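Topology and contacts: notes
As a plain string of letters, each chain reads:
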Amino acid sequence: MKYLTFALAKGRLAKKSMELFEQIGITCEEMKDEHSRKLIFVNEELKYRFFLAKAPDVPTYVEYGAADIGIVGRDTILEEGRQLYEVLDLGFGRCRMCVAGPEAARELLQHHELIRVATKYPNIAKDYFYNRKHQTVEIIKLNGSIELAPIVGLSEVIVDIVETGSTLRENGLQVLEEVCPLSARMVVNQVSMKMEYERISKIIADLKKITAQ
Ligand code: PRP
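Residues take numbers from 1 onward in each chain, read along the sequence in its written order. Where local features are concerned, this predicted model is filtered to residues with pLDDT of at least 70; where side-chain atom pairs are given and counted, the filter is 80 or more; whole-chain, interface and lining totals use all residues. Values reported for side chains reflect all heavy atoms of the structure, with hydrogen atoms and water molecules removed beforehand.

Looking at the layout of surface pockets
Put simply, the rule reads: Site definitions follow a grid-based scheme: protein atoms alone, a 1 Å grid, a 1.4 Å probe that fits but cannot get out for cavities, and for pockets an open set with protein on both sides within 12 Å along at least five of seven lines, plus lining residues having an atom within 4 Å of a point. Grid points are joined across faces, edges and corners, and a volume is the space filled by probe spheres set on the points. The helix and strand labels rest on DSSP assignments: H or I over at least four residues marks a helix, E over at least two residues marks a strand, and numbering proceeds from the N terminus. Any residue that is not Ala, Val, Leu, Ile, Met, Phe, Trp, Tyr, Cys, Pro, Asp, Glu, Lys or Arg is counted as polar, Gly included; the first ten are nonpolar and the last four charged.
Empty space within the largest pocket amounts to approximately 740 Å³. Contributing to the lining of the largest pocket are 28 residues, with Leu13, Ala55, Asp75, Tyr121 and Ile161 lying nearest its centre. At the level of elements, helix H1 (12–23), strand E4 (69–73) and helix H3 (74–80) are the ones that each hand at least two residues to the lining of the largest pocket. Looking at the lining of the largest pocket element by element, the count peaks at 5 residues for H3. A per-class count over the lining of the largest pocket returns 12 nonpolar, 5 polar and 11 charged.

So this is what it looks like as structure tokens:
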């Protein structure tokens, strides 16, 4: 039997994914060592391999077939736009992609002003403003702490993830518009879906049962 390889987005998502997998009998003991710096883990008996990657790289590994299955946020899937099958909403990591800024920026959005938008997600922001809102904006790519941008005058608004809303609140910013809901998703390589159809569809069916879908 060939190994089935899983690419997991490093961090909270990977931990949650393994907890879920454990419930359907997909386990990996060597992954539980929190101090380990290993990047790839094997369950020899069940022929599973797991590796941890930076979230934006997970769709890349899956598209090229270096991983058969990936677990990653919908934000990353939309931003990366890779060729893969999105097969399941895992139901955790729920949050929203939003346009946010100071209250004063609400008017600029309503009047379709030419504004600057700072974001870690330029493709999602472009799609939202150009294709859905038909508003011309200047998009500025940042790599983190996006909430800083409107505070220091780099942009009028931001497009970013809002989970509890406390980062916005503590920085005097508000949700101005909602772009889309987000959560952790399972993605599958298009060739693997055919070649390993039985094993993969069993995993999907088992996960559906425990996530009540
Ligand atoms: C994310 C996101 C927001 C924050 C939202 O940032 O970009 O800044 O979490 O969460 P909240 O609504 O619960 O406050 P993350 O911590 O991933 O770091 P980043 O700033 O490097 O993107």
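Considerations on the site of the ligand
What counts, and what does not: Residues are classed as near a molecule or strand on a simple rule: at least one heavy atom within 4 Å of it. Identification of polar contacts relies on pairs of N or O atoms within 3.5 Å, with a donor-acceptor requirement for protein atoms, meaning one able to donate a hydrogen and the other able to accept it, and with residues adjacent in sequence counted only if both atoms are side-chain atoms. To measure how exposed things are, a 1.4 Å probe is used in the Shrake-Rupley method; for residues, cover is taken only from the protein chains shown.
Around the ligand lies a shell formed by Lys120, Gly144, Ser145, Glu147, Asp160, Ile161, Val162, Glu163, Thr164, Gly165, Ser166 and Thr167. Contacts to the ligand include Glu163, whose backbone N or O atom sits 2.8 Å from an oxygen atom. If the ligand stood free it would expose 490 Å²; the protein chains cover 66% of that surface. Those elements that provide at least two residues to the shell around the ligand are strand E9 (157–162) and helix H7 (166–170).

Side note on the domain arrangement of the protein chain
Rule in force here: Start and end positions for the domains come from either an automated domain assignment or a database one. For this analysis, residues touch if any pair of their heavy atoms sits within 4.5 Å. The term buried area denotes the loss of accessible surface (1.4 Å probe radius) that occurs when two parts are joined, taken as the sum for both partners. Here, a salt bridge means any side-chain nitrogen of Lys or Arg that lies within 4 Å of a carboxyl oxygen of Asp or Glu.
In terms of domain boundaries, the protein chain breaks down into domain 1 (4–93 + 183–211) and domain 2 (95–181). Each of domain 1 and domain 2 has a C-alpha centre, and the two are 30 Å apart. With 6 residues of domain 1 at the interface, the matching set in domain 2 holds 10 residues. Between domain 1 and domain 2, a total of about 700 Å² is buried, with carbon and sulfur atoms accounting for 45% of that surface. In this assembly, domain 1 and domain 2 are joined by 1 salt bridge. Between Glu163 and Arg12 there is a salt bridge whose closest N-O contact spans 3.8 Å. Put simply, domain 1 and domain 2 have 5 residue pairs in polar contact (both at pLDDT 80 or more) between them. It is H3 that provides the largest number of residues to the side of domain 1 that touches domain 2, a total of 4 residues. Of the residues assigned to the side of domain 1 that touches domain 2, the class counts are 1 nonpolar, 1 polar and 4 charged.

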